[in-house]
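Descriptive structure summary
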There are 2 protein chains.
Amino acid sequence: MAQSTPPPWLDDQERRTWLALITVVTMLPSALDAQLAPGSDINYFEYTVMAGLSEQPDRTLQMKHLALFANGSLSRLSHAMTRLEQRGWVRRGKDPTNGRLTVATLTDEGYDHIVSAAPSHVSEVRRMVFDPLTPAQISALEEIASRIAAALGAPDDPFGPIP
Amino acid sequence: MAQSTPPPWLDDQERRTWLALITVVTMLPSALDAQLAPGSDINYFEYTVMAGLSEQPDRTLQMKHLALFANGSLSRLSHAMTRLEQRGWVRRGKDPTNGRLTVATLTDEGYDHIVSAAPSHVSEVRRMVFDPLTPAQISALEEIASRIAAALGAPDDPFGPIP
DNA sequence: CTTGATAGATTGAATGTTCAAGCCAGACGG
DNA sequence: CCGTCTGGCTTGAACATTCAATCTATCAAG
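The text that follows walks through the structure, step by step, so that each part is easy to find.

The rules behind these values
- Residues numbered from 1 in each chain as written.
- Chains lettered and ligands numbered in written order.
- Predicted model: local features only at pLDDT ≥ 70, side-chain atom pairs only at ≥ 80, totals over all residues.
- Heavy atoms only, no water.
- Helix = DSSP H or I, 4+ residues; strand = E, 2+ residues; numbered from the N terminus.
- Rg over C-alpha atoms; globule rule 2.2 N^0.38 Å.
- Contact = heavy atoms within 4.5 Å.
- Areas by Shrake-Rupley, 256 points an atom, 1.4 Å probe, with all protein chains shown as cover.
- Lys, Arg positive; Asp, Glu negative; His and termini not counted.
- Charge placed at Lys NZ, Arg CZ, Asp CG, Glu CD.
- Axes fitted to C-alpha atoms, helices over the stretch in contact; angles between N-to-C directions.
- Left-handed = near helix turned anticlockwise from the far one by under 90°.

As a further point, take the overall build of chain A. From N to C terminus, chain A includes six helices and three strands. Secondary structure of chain A in N-to-C order comes out as α-α-β-α-α-β-β-α-α. Taken against the 2.2 N^0.38 rule, which gives 15 Å for 163 residues, the C-alpha radius of gyration of chain A at 19 Å runs more than 25% over that of a compact globule. A principal-axis box enclosing the C-alpha atoms of chain A has dimensions of 65 × 40 × 25 Å. Here the contacts in chain A between residues at least 6 apart in sequence split such that 56% fall between residues at least 24 apart. Roughly 8,600 Å² of accessible area belongs to chain A as shown, and the carbon and sulfur atoms make up 55% of that amount. Within chain A, one finds 14 positive and 19 negative side-chain charges whose respective centroids are separated by 5 Å.

Moving on to the packing of helix H2 (residues 44-54) of chain B against helix H5 (residues 108-130) of chain B. Residues and elements named next belong to chain B. Two elements in contact, H2 and H5, have axes separated by 10 Å at closest approach and are oriented at 115°. The chirality of how H2 crosses H5 is left-handed. Facing Tyr 44, Tyr 47, Met 50, Ala 51 and Ser 54 of H2, the residues of H5 in contact are Gly 110, Tyr 111, His 113, Ile 114, Ala 117, Ala 118 and His 121.

The values reported here are purely geometric and, on their own, carry no functional implication.
Put into structure tokens, the structure is as follows:
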């Protein structure tokens, strides 16, 4: 009985799709950084961190959950926090209820800064991603990206279980 | 007459889509690197460079075109070539017909190496991207990613005009 | 010719990310 | 209690990428 072995190479359709996807995957991050840096002096990862905090009660979140939300390692977040802390946009402190947890807080200055950075950032996202797509394609993209994200091992809820 | 101003914020649907897309965009590169590094000692960018060369006549291409194909800057490529050259997988030389062009060539050792790295790489791409999707979704993704890539300013033909 | 301008490519310094090691507080078992 | 273990976080060094400066070969103009 012939074992059905997984098809080894990509066919033409898959090849074209892969090429287009990988182009987006490599160009989108630099495009986001390029838009944020001139006016706001932050990169996209730092933007995500601050935006994540701004939506939390007390604009505060534990490092671990923040890292998960921003799709980054704890180490990367820690370094980023050091930079943001030096600029006074963010603050770290021990969780009073549990001394081994660290919580990150967005300062007022940080809040002002992210609020001023947001509009042009959002409109750039819109221009690059949503404007070129039809409503049906946007809906299709949600499902497609979710499936790939799942195959990559992404957690279902970006904030994870917050006890 | 009310000017139709561009909608400032993302609605729920767009938000979910953006979240899923950005998760893919941030996780896919590290997943590709993680798969390649252990067995092959290269990152995805270096893989793309060598794979691109392997498909050219004489396994040779000019630096500029190679950079375009690999979605990277000339500087990034130059640094990568230095690393690959030190391992003997690639070679640089001046184009005899035009002394200010540099051509990159994949060596036999480089060819062997990329050939041995390819199967597991491709099957990982398949597992992460194509297996989770239906044929209709793959086809939709091609169009969607192409449109976004165009909005990001990607050239139509990844090899560009090669004179 | 000679000069200037420009495209292709390289280089080194600055910046950001990853990786591995280490630190500290609390939980757990004796 | 006391020691060990573990999870959360930080740190510094190694590595890759970006950015700006530089170099070189060609081309165009005078």
